[in-house]
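Observations on chain architecture
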Amino acid sequence: MVAVAYTVAFEGIEARLVEVQCAVTPGIPAFTIVGLPDKAVSEARERVRAALTAMAIALPSKRITINLSPADLPKEGSHFDLPIAMALLAALEIIPSEDAEQTVALGELSLDGALVPVIGALPAAMAAAKDARALLCPQACGAEAAWVGAAKVIAPRTLADVVRHYTGQHILPQSEPGEVRNSASIRDLSEVKGQERAKRALEIAAAGRHHLMLVGSPGSGKSMLAARIPGILPPLTAPEALETSMIHSLSGLLDEGGINRERPFREPHHTASMAAIVGGGRTAKPGEISLAHNGVLFMDEFPEFPRMVLETLRQPIETGEVVVARANAHVRYPCRFMLVAAANPCKCGYLADPARACARVPMCGEEYMGRISGPLMDRFDLRVEVPPVAFTDLDLPQDGEKSADVATRVAGARAVQSERFADHPTARVNADAEGHLLEEIATPDTEGRALLVKIAERFGMSARGYHRVLRVARTIADLEGAETVRKAHVAEAVSYRLALSKEV
């Protein structure tokens, strides 16, 4: 007797369908799993055997062979337990074989037959919907998988519930999507006193998803400013939320099936490895840049990150995706994020304060900031100096704009960009515009173009820098509600571009 069930194997955020074939044939009693399984998959036979025994189902004294097809695709993870059990139950004619064939299953089995939650339920549901099949997953994963909507999701608590469902003894209800979660820890921009130029840069960066560099002495408020960026960003659109949640699902970061419509804000420590930032490891998992997809990647103490880690950011910043290549894996992850970097001006941090600076000024500042290569610095659209705030100003009452007011302007600018790029699938915000599209939307008026050409010639601006100024100027115009980019918009964009450096 041969029976078939289906599950998935993950390649990046893509879930590839895997056919689980079970053959029960005469011969020396054995339970074998073939088809390039890893250690966790090979051990599934013991978990399945124990779970069936707990249900008083005895395996026949025959040869049981499980084949995972396609056989040349690596199979990793404990989520193969449930589909193997499904195929075996169908082969033993305990559940209908046609029902098993119409189901994509994933889940880990405990020895008593309970189903343990696994990662990847959301992309698995996408694969099931694409193949017009139902999804069977542990109860704890049902709310997450149900967000796809196009696939029927059944979420039993135990393997016995699976048998009762498919034999008609107790039909399980279809799972409902989890709650949309909102964070209660959003910090308000009005709590920051002073730093008006830095606040303005935050607004521009959020409106066009431009990369931002903050440089200032210790305690000047760089991290405090960056922590308030989530409060001014618009919520994720439905497609963006699904994209982001698929990555978080593979990393096990979705809490009880709840989808978060707030944009991710990731802040790795400067001791993080390249695999942690870019992605990798034995199974090529997504890194921080992918977990920050459609959100913000904040890298504090930017020059303290290893040089190799910083240099690997250059290509993902430009392409919006990263390819993680390993000996046993070659996967692609999306990573369209807004990079916000914070740094002290030098090792001691007091380069501009003669009373507190070290004896190596200004050489120490050049060496410290020199850890950031020119090509990487060239990718920052906005560069802002964050001066220290006088302690006497800290006692003044809050008089700055609230995050909600800034968020309204940012949302308005994003809405303009959504309409502008509606027919361009590769561009969503001004930071994505390039080539003829950039010329079409961001060509300044006569005075603005003359100013930009003069600045470019005077400071030896690179072609990348020239285009990034145009993108920022377009965003400034969007915030103002202007249809064309004017001289004032170009001047403000250039002022951010030329900050912190002697040349562009």
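Right above here is the structure, for reference.
Position labels on residues start from 1 in each chain and follow its written sequence. Local features in this predicted model are restricted to residues whose pLDDT is 70 or higher, and side-chain atom pairs enter the listing and the counts only when it is 80 or higher, whereas totals over whole chains, interfaces and linings include all residues. Hydrogens and water are ignored here; the side-chain numbers use all heavy atoms of the structure.

What follows covers the overall build of the chain. Helix and strand labels come from DSSP, where a helix needs a run of H or I of at least four residues and a strand needs a run of E of at least two; each type is numbered from the N terminus. Scanning the chain for helices and strands turns up 21 helices and 20 strands. Taking the principal axes of its C-alpha atoms as reference, the chain extends roughly 85 × 50 × 45 Å. Throughout this description, buried means an accessible area under 20% of the type-specific maximum (1.4 Å probe, protein chains only), exposed means over 50%, and partly exposed covers the range between. Per-residue burial for the chain yields a buried fraction of 50% across its 504 residues. Two residues form a contact once any of their heavy atoms are found within 4.5 Å. By sequence separation, contacts in the chain at least 24 residues apart represent 73% of the contacts at least 6 residues apart. Carbon together with sulfur atoms contributes 52% to the accessible area of the chain, which is approximately 22,400 Å² in total. The averaged location of the 62 negative side-chain charges in the chain is 4 Å from the averaged location of its 54 positive side-chain charges. Under the convention used here, a 1.4 Å probe and the Shrake-Rupley method define accessible areas, while residue burial counts only the protein chains that appear. Under this rule, positive means Lys or Arg and negative means Asp or Glu; His and the chain ends count for nothing. Charge coordinates come from a single atom per side chain, which is NZ of Lys, CZ of Arg, CG of Asp or CD of Glu.

The next thing to look at is the environment of Glu-243. Here Glu-243 is to be found in helix H10 (residues 238-250). For the pair Glu-243 and His-293, spaced 50 residues apart in the sequence, the C-alpha separation amounts to 8.3 Å. Setting aside chain neighbours within four positions, we find Glu-243 in contact with His-293, Asn-294 and Arg-428.

What follows deals with the sheet that holds strand E11 (residues 212-215). Strand order across the open sheet formed by 5 strands is E13-E16-E19-E11-E20, with parallel pairing between neighbours. Pairing within the sheet leaves two strands with one partner each, and these edge strands are strand E13 (265-266) and strand E20 (382-385). Two strands form a pair only when DSSP identifies at least two bridges running between them. Note that E13 and strand E16 (residues 296-299) share 2 bridges and pair parallel. Bridge pairing in E16 links Arg-266 to Leu-297.

Relative to the helices and strands, His-293 resides in the loop between helix H12 (288-291) and E16. Looking at His-293, the relative accessible area reads 2%, which means it is buried. Identification of polar contacts relies on pairs of N or O atoms within 3.5 Å, with a donor-acceptor requirement for protein atoms, meaning one able to donate a hydrogen and the other able to accept it, and with residues adjacent in sequence counted only if both atoms are side-chain atoms. Looking at His-293, its side chain comes within polar contact range of the side chain of Glu-243, at 3.0 Å. Look past the residues within four positions of His-293 in its chain and what remains in contact with it is Glu-243, Thr-244, Ile-247, Pro-264, Pro-334, Cys-335 and Arg-336.

Here a cavity is any set of points on a 1 Å grid over the protein atoms alone where a 1.4 Å probe fits but cannot get out, and a pocket is any open set with protein on both sides within 12 Å along at least 5 of 7 lines; a residue lines the site when it has an atom within 4 Å of a point. Grid points are joined across faces, edges and corners, and a volume is the space filled by probe spheres set on the points. Scanning all chains against the criterion turns up 1 cavity of 30 Å³ or more. For the largest cavity, the calculated volume is near 40 Å³. When residue character is reported, Ala, Val, Leu, Ile, Met, Phe, Trp, Tyr, Cys and Pro are called nonpolar, Asp, Glu, Lys and Arg charged, and the others, Gly included, polar. Split by residue class, the lining of the largest cavity holds 2 nonpolar, 2 polar and 3 charged.

Orientation of helix H19 (residues 446-459) relative to helix H20 (residues 463-480), taken along the N-to-C sense of each, is 145°, at an axis distance of 11 Å. Read as a crossing pair, H19 and H20 show a hand that is right-handed. Across the interface between the two elements, Arg-449, Leu-452 and Ala-456 from H19 touch Tyr-466, Val-469 and Leu-470 from H20. Counted by class, the contact of H19 with H20 contains 5 nonpolar, no polar and 1 charged residues. Lines fitted to C-alpha atoms define the axes, with helix axes restricted to the stretch in contact, and inter-axis angles between N-to-C directions lie between 0 and 180 degrees. For any pair of crossing helices, the crossing counts as left-handed if the nearer helix is rotated counterclockwise from the farther one by less than a right angle, and right-handed if it is rotated clockwise.

With 7 of 10 residues buried, helix H5 (residues 121-130) is to be regarded as a mostly interior element. By the burial criterion, the buried members of H5 are Ala-121, Leu-122, Pro-123, Ala-124, Ala-125, Ala-127 and Ala-128. Close packing links the buried residues of H5 with strand E1 (2-11), strand E2 (14-25), strand E5 (103-105), strand E8 (134-136), helix H6 (139-145) and H10. Positive backbone phi, at 60°, marks Ala-132, one or two positions downstream of H5.

To form a nonpolar core, buried Ala, Val, Leu, Ile, Met, Phe, Trp, Tyr and Cys residues must be joined to one another through side-chain atoms within 4.5 Å. Counting 52 residues, the largest nonpolar core has Leu-212 and Val-340 as the members making the most contacts within it. At 8 residues, H20 tops the list of elements feeding residues into this core. With sequence-adjacent residues up to four places away left out, Leu-212 is seen in contact with Ala-201, Leu-202, Ala-205, Leu-339, Val-340, Ala-341, Phe-380, Leu-382 and Val-384.

Where H20 contacts helix H21 (residues 487-498), the two axes come as close as 8 Å, and the packing angle between them is 125°. Compared by their axis directions, H20 and H21 come out oblique. Like other packed secondary-structure pairs, H20 and H21 cross with a definite hand, here right-handed. Here H20 contributes Gly-465, Arg-468, Val-469, Val-472, Ala-473, Ile-476, Ala-477 and Glu-480 to the contact with H21, which in turn contributes His-489, Val-490, Glu-492, Ala-493, Val-494 and Arg-497. Partitioning the contact of H20 with H21 into residue classes produces 8 nonpolar, 2 polar and 4 charged. Angle categories are assigned with fixed cut-offs, so that under 35 degrees is roughly parallel, over 145 is roughly antiparallel, 65 to 115 is roughly perpendicular, and the rest are oblique.

The next thing to look at is the pattern of salt bridges. Note on definitions: salt bridges are taken to be side-chain nitrogens of Lys or Arg within 4 Å of carboxyl oxygens of Asp or Glu. Applying the stated rule across the entire model yields 33 salt bridges. Asp-81 serves as the salt-bridge partner of Arg-47, at 2.5 Å between the closest nitrogen and oxygen. Of the two residues, Arg-47 sits in helix H2 (residues 44-54) while Asp-81 sits in helix H3 (residues 81-91), which places them 34 residues apart along the sequence. What makes Asp-81 buried here is its relative accessible area of 0%.

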